Amino acid sequence: MARGVGAESASLRAMFEGQTQGMRVNYYPPCRQQADRVLGLAAHTDAGGLTLLQQKNHDVQGLQVKKDGRWFAVKALEGAFIVNVGDVLEILSNGKFTSVEHRAVIHPTKKRISVALFHYPCQDMVDGPLPEFMEGDEVRYGSTNYQDFLKQYFTEKLDGRKHLERLKLEQ
Ligand SMILES: O=C(O)CCC(=O)C(=O)O
Ligand SMILES: [Fe+2]
């Protein structure tokens, strides 16, 4: 990914190599009466590096991503992974990669199960743009201690990209 945007990959790789992965299994029961009035998972971004997402019941639509202010349904292919960029990757890359805002909706009659695998960076990192991604560009994000960033992420209500936008510097 780094090479794809013309950056050296070593520093980015060093942030994630040999680090922890976390798995979350989401179970969304059907909602017979009010499926269009509830959410399975509120709009959010994932905190870490890449997320690999696999959906078990691939015939049930659930995941949506936000683009240009509109929600788009993501079609899950059987056996395929959906790969999402998380907050840490957006910040380290100085915004070259975008942490995707997403949510999950509920089906009126069918249950849905998804499995998300999160790649976390080293725990003592400073979450700020890497020099490799800033050449010829201004610094777009402030740097925070990753532990402080996580604490804030997990204590606040899920609210789209709000916590990430707050870290952006005035341009
Ligand atoms: O169920 C889904 O498709 C989305 C799951 C998700 O976004 C998450 O676990 O962070
Ligand atoms: Fe997510």
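Residues numbered from 1 in each chain as written. Chains lettered and ligands numbered in written order. Predicted model: local features only at pLDDT ≥ 70, side-chain atom pairs only at ≥ 80, totals over all residues. Heavy atoms only, no water.

(A) Geometry of the pairing of strand S8 (residues 112-119). Taking every second residue as pointing to the same face, the buried face of S8 carries Arg112, Ser114, Ala116 and Phe118, while none of Ile113, Val115, Leu117 and His119 on the other face is buried. Here strand S1 (residues 21-28) pairs with S8 via eight bridges, running antiparallel. Paired with Val25 across the strands is Val115, a residue of S8. (Buried < 20%, exposed > 50% of the residue type's maximum accessible area, 1.4 Å probe, protein only. Helix = DSSP H or I, 4+ residues; strand = E, 2+ residues; numbered from the N terminus. Pairing = 2+ DSSP bridges.)

(B) Fine view of the site of ligand 1. Around ligand 1, a shell composed of 13 residues is seen, among which Arg24, Tyr28, His102, Arg112 and Ser114 lie nearest. In the model, an oxygen atom of ligand 1 is placed 2.6 Å from a nitrogen or oxygen of the Tyr28 side chain. Here ligand 1, which alone exposes 300 Å², has 99% of that area covered by the protein. Put simply, ligand 1 lies in the largest cavity. Listed by contribution, the elements that provide at least two residues to the shell around ligand 1 are S1, strand S2 (39-44) and S8. Tallying contributions element by element places S8 first for the shell around ligand 1, with four residues. Of the residues in the shell around ligand 1, the class split is six nonpolar, four polar and three charged. (Near = heavy atom within 4 Å. Polar contact = N/O pair within 3.5 Å; in protein donor to acceptor, adjacent residues only side chain to side chain. Areas by Shrake-Rupley, 256 points an atom, 1.4 Å probe, with all protein chains shown as cover. 1 Å grid on protein atoms, 1.4 Å probe; cavity = no way out; pocket = protein on both sides within 12 Å on 5 of 7 lines; lining within 4 Å. Sits in = over half its atoms within 2 Å of the grid points. Nonpolar A, V, L, I, M, F, W, Y, C, P; charged D, E, K, R; others polar.)

(C) Up close: helix H3 (residues 146-155). Of the positions making up H3, those classed as buried are Tyr146, Phe149, Leu150 and Tyr153. Buried residues of H3, seen end-on, are gathered within an arc of 95 degrees and therefore sit on one face of the element. In this structure, H3 carries Lys151 and Thr155 as exposed residues pointing more than 90 degrees from its buried face. Buried residues along H3 sit against S2, helix H2 (87-92), strand S9 (126-127), strand S10 (144-145) and helix H4 (162-165). Residue Asn145 occupies the N-cap position of H3, its side-chain oxygen lying 2.8 Å from the main-chain nitrogen of Gln147. (Arc of directions from axis to C-beta. Contact = heavy atoms within 4.5 Å.)

(D) Seen up close, the UniProt feature "domain: Fe2OG dioxygenase" (unreviewed entry) in the protein. Per the UniProt record, "domain: Fe2OG dioxygenase" (unreviewed entry) is found at residues 19-121. Between the end C-alpha atoms of residues 19-121 there is a gap of 6 Å, over a span that is 6% helix and 44% strand. (UniProt positions renumbered as here; feature names shortened; annotations may be inferred.)

(E) Spatial organisation of the coordination of the iron ion (ligand 2). For the iron ion (ligand 2), every protein donor is listed as His44 (NE2), Asp46 (OD) and His102 (NE2), and the spread of their distances is 2.1 to 2.2 Å. All donor residues of the iron ion (ligand 2) come from one chain, and their arrangement in sequence is H-x1-D-x55-H. Accessibility assignment for this pair places His44 and Asp46 in one class, buried. (Donors = N, O, S within 2.8 Å, 3.2 Å for Na, K, Ca; no water.)

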